[in-house]
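Summary of the model geometry
One-letter residues, chain by chain:
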Amino acid sequence: MAEIRFVRTAMLPPQEPPVSQIGAVRWVRENLFSGWLNGVLTVASAAFVVWLALHVGPWFMNAVWNAGSLAECREILAGTDGACLAVIRDRWPQLLFGFYPSELYWRPTLALLLLFVALAPALFPAVPRQLLWFSAIYPGLAYWLLWGGTLWFPVVALAGFAVGIAVFIALRPVLPLVAPFAGLVAPVFWWLFAVVPVTGLLAAVLPVGITPVRSDSFGGFTLSIIIGVTGIALSLPLGILLALGRKSDLFLVKTICVGFIEFIRGVPLITLLFTASLLLNYFLPPGTNFDIILRVVIMVTLFAAAYMAEVIRGGLAAIPRGQYEAADSLGLDYWKAMRLIVLPQALKISIPGIVNTFIGLFKDTTLVVFIGLLDPIGLSTAIRANTNWNGIYWELFLFIGAMFFVFCFGMSRYSMHLERRLKTDHR
Amino acid sequence: MAEPLHDITVDREIDRSRMRIGSEVAIQIAAMNKWFGTFHVLRDINMTVHRGERIVICGPSGSGKSTLIRCINRLEEHQSGRIVVDGTELTSDLKNIDKVRSEVGMVFQHFNLFPHLTILENCTLAPIWVRKVPRKEAEETAMHFLRKVKIPEQALKYPGQLSGGQQQRVAIARSLCMKPKIMLFDEPTSALDPEMIKEVLDTMIALAEEGMTMLVVTHEMGFARQVANRVIFMDQGQIVEQNEPEPFFSNPQSERTKLFLSQILRGH
Ligand SMILES: Nc1ncnc2c1ncn2[C@@H]1O[C@H](COP(=O)(O)OP(=O)(O)O)[C@@H](O)[C@H]1O
Ligand SMILES: [Mg+2]
């Protein structure tokens, strides 16, 4: 037997890979300089970024935060290049709240905070489902916080839904075919004819209310968010119904939906907004006070819903016929098949398009400036109209742009998170 | 693609004690015709299926086999004649259609599982929403049938994570969860590899052994020999020939049947 000269008793750790194969060096080679074209592009982009930083950087670093007017800013800067961010410091409450009474700023702020609470159960599955009850009353609560007045108005308005459900349940055993229809019509009648007298009565008996704020005091990001959030919340369900209607076998339903979608898509939003601000007054009976913000919200919703319908129709078209057949063969009726089988899959496919429409809608709220509402852009004009800040552009637009970016980027990130979470097909 | 043999047999003794054909009529089709536009796809179909029968339907591609069994649960609408399923006639009355659909299970060539739901949710969905069974009970029933098709351990996975054979067995379990009286199979093994074909056929045989009324469109002649009590041959929208499996294979009557059998059983 051969004599054993050496037996290793302790294992050596593996050797480090060569420098060219690890960490930063490898990453740079693979991602930045993997070919001569990529190398050139990398150098060019780096040069551009440096150039931008060299130009904008000093402007920012040199910014003046403490000044009462543009002239004062210039004095402090003394000819050097620098931003006059003092205008943001001076006017940020106005950019956020418009002409909302300053002692009541807490109300829109609270409404915004509660919005996140109300959204939480819809956005994140970890949040307890019971919170959905809060989400259900949130619209009324937010309305009350924002516009103030008697608490009875939103309560009585929300009660319209309860009226509809009650009518449906009461009629179902007697007139099963009429019940759903009556359940839809009853709330409309309630809102048209009962809300005002009932509210008046309850307010007289038990006055509970906070300082009312008129719609023309609303402005800035408060206004953008009100229009954007309401539009988003209403355009999705409306878009789904329109998309289903467009695919329906019922001729009348289909024609109405196609007509609506094609008409709204073929008209610029700004025309619809002008219609809302001017023309509607001609059609409505004289003396009706139809709130301008409500009119704008309706138009923005209809506009976004038409786009939404087309996005969702794309998702519906991607669902194989076998899914409908499987649902049918299991005995699911049309609405159950749609709700449980088809829409969950179609909406999941449509998430990028839906969020795209949401983001577009939110940014389009700035168009209301053309009908005299003071959205952030409108306010920037109003701020410049003041002699102190006459001639200031970049700083305001940067601030407004940054605010919009935060909201839109947030939506975009959430949608990516949602897509990952809902990915179950393992393709 | 290699020509499939269509003659996979399951090598175990088949328990025929509960395969009893009753006198009660499960499906009655009389003078039924169907057109797709101007194309006459089903011509004068007459057919009676008794409870407990296991019928294999075969025939060349495009002969109308799928259309025929899809008429039985109204996935396709017939234009003349009568179809009565378990005493309920199929008309445009939605109530009747719902009633028939909840009593007839269907298994498709491409499984058609719901990809956004887990296996368990696939199986409990219809019982909960159509039969109004409490969730807990529906889950117990689902697990019972998933054990029957031998994949209880996959209950919490999604369809995309399963092999084709496993998916088809889930599809069978999903139908069974509705406790159907009749099961329709439309080429349940055509999209599968040979070893998976076997596991699905095994499941179907187990179902036949329990006395289920089954209509199976398939070219698996081994299955037809072992399980069917009647084989129906269709061509160009007509029922050309029907017989018990033994005489059907050994002594086909019409030329069209002979030609078809010689093609399908090539290699023997
Ligand atoms: N929805 C449809 N519209 C028009 N023609 C159809 C439709 N479905 C099937 N067909 C035609 O009807 C015939 C029978 O089809 P099918 O029942 O699927 O045959 P099989 O299942 O026997 O292969 C074929 O010629 C097919 O092209
Ligand atoms: Mg077929």
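These figures come from a predicted structure and were not determined experimentally.

Right, let's get into the overall build of chain B. Counting its regular elements, chain B contains nine helices and 10 strands. The C-alpha radius of gyration computed for chain B amounts to 18 Å, which stays within 12% of the reference 18 Å derived for 268 residues, consistent with globular compactness. Viewed in the frame of its principal axes, chain B has a C-alpha envelope of about 55 × 45 × 40 Å. The buried share of chain B, taken over its 268 residues, is 57%. Within chain B, residue pairs in contact and separated by at least 24 positions form 69% of the contacts whose partners lie at least 6 positions apart. For chain B, the exposed area adds up to about 11,800 Å²; of that, 50% sits on carbon and sulfur atoms.

This part takes up helix H1 (residues 65-72) of chain B. In an α-helix, one turn spans 3.6 residues, which is why side chains three or four residues apart end up on the same side. Residue and element names in this part refer to chain B. Most of H1 sits out of view: seven of its eight residues are buried. Every buried residue of H1 is accounted for by Lys-65, Thr-67, Leu-68, Ile-69, Arg-70, Cys-71 and Ile-72. Among the residues trailing H1, Arg-74 stands out with phi positive, at a value near 60°.

Moving on, we come to the environment of Ser-217 of chain A. Residues and elements named next belong to chain A. For Ser-217, the position within the fold is in the loop between strand E2 (209-210) and helix H9 (220-246). On a C-alpha basis, the gap between Ser-217 and Pro-173 in space is 49 Å, while along the polypeptide they are 44 residues apart. Beyond its immediate chain neighbours, meaning those up to four positions away, Ser-217 contacts Phe-97, Gly-98, Phe-99 and Tyr-100.

All right, on to the pattern of salt bridges then. Enumeration over the complete set of coordinates arrives at 22 salt bridges over all chains. Across the pair Arg-169 of chain B and Glu-199 of chain B runs a salt bridge whose closest N-O atoms are separated by 2.9 Å. Separated by 30 residues along the polypeptide, Arg-169 of chain B in helix H5 (residues 164-176) and Glu-199 of chain B in helix H6 (residues 194-209) bring together distant segments of the chain. For Arg-169 of chain B, a relative accessible area of 9% corresponds to the buried category. For Glu-255 of chain B, the salt bridge identified is with Lys-258 of chain B, shortest N-O distance 3.5 Å. Residue Glu-255 of chain B and its partner Lys-258 of chain B are located together in helix H9 (residues 255-264), separated by three residues, close to a single helical turn. Judged by relative accessible area, which is 59%, Glu-255 of chain B ranks as exposed. Via salt bridges that share partners, Arg-246, Glu-262, Arg-265, Glu-310 and Arg-313 of chain A belong to a single interconnected network.

Moving on, we come to the domain arrangement of chain A. All names here are of chain A. Considered domain by domain, chain A is made up of domain 1 (92-143 + 215-421) and domain 2 (149-210). Just the C-alpha atoms count here: the centres of domain 1 and domain 2 sit 25 Å apart. Opposite the five residues of domain 1 that make contact, domain 2 presents four residues. Approximately 380 Å² of surface area, both sides summed, lies buried where domain 1 meets domain 2, with 79% of it carried by carbon and sulfur atoms. Looking only at domain 1, the three residues that lose the most surface to domain 2 are Arg-107, Gly-140 and Tyr-143, adding up to 77% of its buried area. Put simply, domain 1 and domain 2 have zero salt bridges between them. If you look at where domain 1 meets domain 2, you find zero residue pairs in polar contact (both at pLDDT 80 or more). For the side of domain 1 that touches domain 2, the residue count by class is three nonpolar, one polar and one charged.

Residues and elements named next belong to chain A. Taken as a whole and assessed by the stated rule, the structure comprises 20 aromatic pairs over all chains. Ring centres of Phe-161 and Trp-191 lie 5.3 Å apart, and the angle between their planes is 75°; on these two criteria the pair is classed as edge-to-face. On the criterion of sequence distance, the pair formed by Phe-161 in helix H7 (residues 152-171) and Trp-191 in helix H8 (residues 179-205) is long-range, its members being 30 residues apart. The exposure class assigned to Trp-191 is partly exposed, which follows from its relative accessible area of 35%. Centre to centre, the rings of Phe-362 and Phe-404 are 5.2 Å apart; their planes meet at 55°, and the pair counts as tilted. With a gap of 42 residues between them, Phe-362 in helix H14 (residues 334-364) and Phe-404 in helix H16 (residues 394-421) connect regions that are remote in the sequence. With respect to class, Phe-362 is no different from Phe-404; both count as buried. Each member of the aromatic cluster is reached from another via a ring pair, and the members are Tyr-100, Tyr-143, Trp-147, Phe-153 and Phe-218.

Quick look at the site of ligand 1 now. All names here are of chain B. Lining the immediate environment of ligand 1, one finds Phe-36, Phe-39, Val-41, Pro-60, Ser-61, Gly-62, Ser-63, Gly-64, Lys-65, Ser-66 and Thr-67. One of the backbone N or O atoms of Gly-62 is found 2.7 Å from an oxygen atom in ligand 1. For ligand 1, an oxygen atom lies 2.8 Å from a polar atom in the side chain of Lys-65. Coverage of ligand 1 by the protein amounts to 60% of the 560 Å² it exposes when considered alone. If one sorts the elements of the shell around ligand 1 by residue count, H1 sits on top with three residues. Of the residues contributing to the shell around ligand 1, the split by class is four nonpolar, six polar and one charged.

Attention shifts here to the interface of chain B and chain A. Taken together, the 23 residues of chain B in the interface contact 21 residues of chain A. Both faces combined, the contact of chain B with chain A buries some 2,000 Å², and carbon together with sulfur accounts for 63% of it. Broken down residue by residue, the surface that chain B buries against chain A is led by Phe-114, His-116 and Trp-129 of chain B, which jointly contribute 28%. Summed over the shared surface of chain B and chain A, the number is one salt bridge. Where Arg-70 of chain B meets Glu-325 of chain A, a salt bridge forms, and the shortest distance between an N and an O atom there is 2.7 Å. Those elements that provide at least two residues to the side of chain B that touches chain A are helix H2 (94-103), strand E6 (104-107) and helix H3 (119-129) of chain B. Among the elements that make up the side of chain B that touches chain A, the one with the highest residue count is H3 of chain B (three residues). Looking at the side of chain B that touches chain A residue by residue, the classes come out as 13 nonpolar, five polar and five charged.

Quick look at the sheet that holds strand E8 (residues 213-217) of chain B now. All names here are of chain B. Ordered in space as E6-E7-E8-E3-E9-E10, the six strands form an open sheet in which the pairing is mixed. The outermost strands of the open sheet, each flanked by one partner alone, are E6 and strand E10 (238-243). With direction set aside, neighbouring strand axes in the sheet form an average angle of 20°.

Thresholds applied
Residues numbered from 1 in each chain as written. Chains lettered and ligands numbered in written order. Predicted model: local features only at pLDDT ≥ 70, side-chain atom pairs only at ≥ 80, totals over all residues. Heavy atoms only, no water. Helix = DSSP H or I, 4+ residues; strand = E, 2+ residues; numbered from the N terminus. Rg over C-alpha atoms; globule rule 2.2 N^0.38 Å. Buried < 20%, exposed > 50% of the residue type's maximum accessible area, 1.4 Å probe, protein only. Contact = heavy atoms within 4.5 Å. Areas by Shrake-Rupley, 256 points an atom, 1.4 Å probe, with all protein chains shown as cover. Salt bridge = Lys/Arg side-chain N within 4 Å of Asp/Glu carboxyl O. Domains from an automatic or database assignment. Buried area = accessible area lost by both parts, 1.4 Å probe. Polar contact = N/O pair within 3.5 Å; in protein donor to acceptor, adjacent residues only side chain to side chain. Nonpolar A, V, L, I, M, F, W, Y, C, P; charged D, E, K, R; others polar. Phe/Tyr/Trp six-rings, centres within 6.5 Å; stacked < 30°, edge-to-face > 60°. Near = heavy atom within 4 Å. Pairing = 2+ DSSP bridges. Axes fitted to C-alpha atoms, helices over the stretch in contact; angles between N-to-C directions.

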